[in-house]
Amino acid sequence: MTERLDKILSHAGFGTRKDAKKILRKGLVTVNGEVVRDFDFKLDLETDELCVDGERVQSEQFLYLMMNKPADYVCANKDGLHETVFSLLEDCYRTPYFESHLHLVGRLDIDTEGLLLFTTDGDLTHRLISPKTLCPKKYFVRLERPVAPDARAGIEKKLQEGILVPPEDNEKEFKALPAKIEWTENDDEVFLIINEGKYHQVKRMFAALENQVVYLKRVQIGGLCLDPSLAPGEYRKLTAEEVAALEPRY
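Attention here is on the structure that accompanies the text. (Residues numbered from 1 in each chain as written. Predicted model: local features only at pLDDT ≥ 70, side-chain atom pairs only at ≥ 80, totals over all residues. Heavy atoms only, no water.)

Here's the deal with the state of the cysteines
Within the structure shown, the criterion is met by zero disulfides. For Cys 75, which is in no disulfide, the shortest distance to another cysteine sulfur is to Cys 135 and amounts to 16 Å. (Disulfide = S-S within 2.5 Å.)

Structure representation (structure tokens):
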């Protein structure tokens, strides 16, 4: 499918269409080895080779970013009190196109760290957050009180049956879907796998189990695991294999 050159450059992170036109006027853009200055020029990235200042612009229908969210950042485009996760992105992702299309797949609380997804693929987002999908999400949890080995079977049973979660703020109580807990070598550290994403859900579930969460980090969504090489605040594009791992398994 062919598209206008200035639109392609803007979507690829080279600024607004006005910025793209400046790049074109400087003669920095080539299509199949030939300099192109006409912003109305149409090409197909599947068959044509587009380069800017000698670097090839790859064909990407959608953008997918994985971030290791740090604490003290809110999952919003704008916030008057706190820094947002969008402020951690480079300027190339702050163009009008990305401001309109780049969004988060679900959210994390301000004090929660870990795997956060940005994408321009609205269909994938809908499939992942739909209540019908039951997309599993895995969290590393550090608890206020250690869990003795002889108490674990009872907790597992309650989670498997679905515990009643009390109301909080303006959120009503609800019965959680069956969840799975994985124990670690430390009595106060566990992994919890849930299939929904209600308000403060992990914290409220452990509160219902008469314990408190003191640290929370999401480490997996569906088949996608957080890249351990990403420091808090760092991010990267997903590979094709990682995008495929995100697709819900019905």
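And the narrative resumes.
Overview of helix 4 (residues 122–129)
Note: α-helices contain 3.6 residues per turn, so residues at a spacing of three or four share the same orientation. Within helix 4, burial applies to Leu 124, Thr 125 and Leu 128. Projection of helix 4 onto a plane perpendicular to its axis shows the buried side chains occupying an angular sector of 100°, all on one side. Structural note: helix 4 exposes Asp 123 and His 126 on the side pointing more than 90 degrees away from its buried face. Where helix 4 is buried, its residues touch strand 7 (64–69), strand 10 (103–104), strand 11 (113–119) and helix 7 (240–246). (Buried < 20%, exposed > 50% of the residue type's maximum accessible area, 1.4 Å probe, protein only. Helix = DSSP H or I, 4+ residues; strand = E, 2+ residues; numbered from the N terminus. Arc of directions from axis to C-beta. Contact = heavy atoms within 4.5 Å.)

Structural notes on the pairing of strand 11
On any regular strand, side chains alternate: one points to one face of the sheet, the next to the other face. Among the seven residues in strand 11, seven count as buried, and that is most of the element. Relative to strand 11, strand 7 runs antiparallel, the two sharing six bridges. In the strand pairing of strand 11, Tyr 64 is matched with Thr 119. As judged from the two bridges shared by strand 10 and strand 11, these two strands associate in the antiparallel manner. What sits directly across from Leu 104, in strand 11, is Phe 118. Relative to strand 17 (residues 213–221), strand 11 runs parallel, the two sharing two bridges. When the bridges of strand 17 are listed, Glu 113 appears paired with Lys 217. (Pairing = 2+ DSSP bridges.)

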